[in-house]
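Commentary on secondary and tertiary structure
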Amino acid sequence: MKKDLGVKPFLFPMPVLLIATYNEDNSVDVMNMAWGGICDTNKVALNLSEDHKTVANIQARKAFTISVADVAHLAEADYFGIASANTVKNKFEASGLHAVKSTRVDAPIVEEFPLTLECRVSEIQPDGFRVVGEIVNVLADEKIMTADGKVDPTKIGAFVFDQFQAGYYAIGEKVGQAWQSGKKFMK
């Protein structure tokens with residue numbers, strides 16, 4: 001029997017995404033967010049609270065990068081969700097990670113994260129503050145690639161956020177093939 005839980009944002013899994021921007025002094029800011037994802041073949045959507053420093057940076061620079069968090073950098077990714085750039089000066093430097101400037105958008109690329117989407121702002125929707133970004137390029141570390149040049153999700157070391165108990169869970173085991181596993185029900 002199912003139990004009624006009321007209105008809750010209970011979707012699982014929730015991605016752990018790292019949004020990187022530049023502050024007004026050109027220092028790097030990274031925030032951890034889960035309320036975002038792909039919204040078109042070349043677009044992402046970020047649902048943010050307007051009080052984040054990242055929002056001001058996105059509005060000013062019209063660009064950001066999104067990196068997939070990996071287990072090897074779970075503590076740093078979590079720190080980016082705990083510490084606010086509004087109150088913690090040199091937040092990024094404290095993490096010990098490294099960044100380089102994107103050659104395509106006015107935003108940093110965190111070198112340690114294995115998969116990064118470089119994005120240009122295409123729309124800002126003020127209702128709840130939603131940013132839609134156009135993906136202008138994807139960068140993948142060679143260590144997560146297959147021999148034929150594709151990203152191997154089992155090599156990313158990604159983890160997801162659990163909104164039920166505020167936990168993180170590693171992902172990576174392949175359990176089926178899209179557009180194939182359900183073919184037995186086709187008539």
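A brief structural summary. (Residues numbered from 1 in each chain as written. Predicted model: local features only at pLDDT ≥ 70, side-chain atom pairs only at ≥ 80, totals over all residues. Heavy atoms only, no water.)

The next thing to look at is the nonpolar core. Across soluble globular proteins, nonpolar side chains show a tendency to be buried alongside one another. Counting residues in hydrophobic clusters, the biggest one holds 17 residues, and the most contacted among them are Ile19, Leu46, Leu48, Ile58, Phe64, Ile66 and Val131. Listing elements by their share of this core, those giving two or more residues are strand 2 (17-22), strand 3 (28-33), strand 5 (43-47), helix 1 (53-61), strand 6 (63-68), strand 9 (115-125) and strand 10 (130-140). Top element by residues in this core is strand 9. It accounts for three residues. Setting aside residues no more than four positions away along its own chain, Val131 makes contact with Val44, Ala45, Leu46, Leu48, Ile58, Phe64, Val121, Glu123 and Ile124. Core analysis: the second largest hydrophobic core is formed by 14 residues, Val16, Ala69, Phe92 and Val110 among them. (Core = buried A, V, L, I, M, F, W, Y, C linked by side-chain atoms within 4.5 Å. Buried < 20%, exposed > 50% of the residue type's maximum accessible area, 1.4 Å probe, protein only. Helix = DSSP H or I, 4+ residues; strand = E, 2+ residues; numbered from the N terminus. Contact = heavy atoms within 4.5 Å.)

Within strand 2, six of the six residues are buried, which leaves the element mostly enclosed by the surrounding structure. Both faces of strand 2 are covered, namely the face carrying Leu17, Ile19 and Thr21 and the face carrying Leu18, Ala20 and Tyr22. Where strand 2 lies against strand 3, six bridges are found, and the strand directions are antiparallel. Along strand 3, the bridge assignment pairs Ala20 with Val30. (Pairing = 2+ DSSP bridges.)

Here we come to a nonpolar patch on the surface. The grouping of Leu5, Phe10, Phe12, Phe164 and Tyr169 at the surface amounts to a nonpolar patch, some 490 Å² of accessible area in total. With respect to the helices, strands and loops of the structure, Phe10 is situated in the segment before strand 1 (14-15). (Patch = residues over 30% accessible without salt bridge, like charges linked within 9 Å, V, L, I, M, F, W, Y side chains within 5 Å. Areas by Shrake-Rupley, 256 points an atom, 1.4 Å probe, with all protein chains shown as cover. Salt bridge = Lys/Arg side-chain N within 4 Å of Asp/Glu carboxyl O.)

Assignment of secondary structure puts Glu111 in the loop between strand 8 (108-110) and strand 9. Overall, Glu111 belongs to the partly exposed group, its relative accessible area being 44%. A sequence separation of twelve residues divides Glu111 from Ala99, and the C-alpha atoms of the two residues are 5.5 Å apart. Beyond its immediate stretch of four places on either side in the chain, Glu111 contacts His98, Ala99 and Val100.

Take the sheet that holds strand 4 (residues 36-40) next. Judged by pairing direction, the sheet is antiparallel, and its seven strands sit side by side in the order 3-2-6-9-10-5-4 without closing on themselves. In the strand order of this sheet, the two ends are held by strand 3 and strand 4, each with one partner. When strand polarity is set aside, the average angle formed by the axes of neighbouring strands in this sheet is 35°. As paired elements, strand 9 and strand 10 share ten bridges and run antiparallel to each other. Bridge assignment links Arg120 to a residue of strand 10, and that residue is Glu134. Running at roughly 55° to strand 2, helix 1 makes contact with strand 2, strand 3, strand 5, strand 6, strand 9 and strand 10 of the sheet. Lying over the sheet, helix 2 (residues 74-82) contacts strand 2 and strand 3, oriented at roughly 95° with respect to strand 3. (Axes fitted to C-alpha atoms, helices over the stretch in contact; angles between N-to-C directions.)

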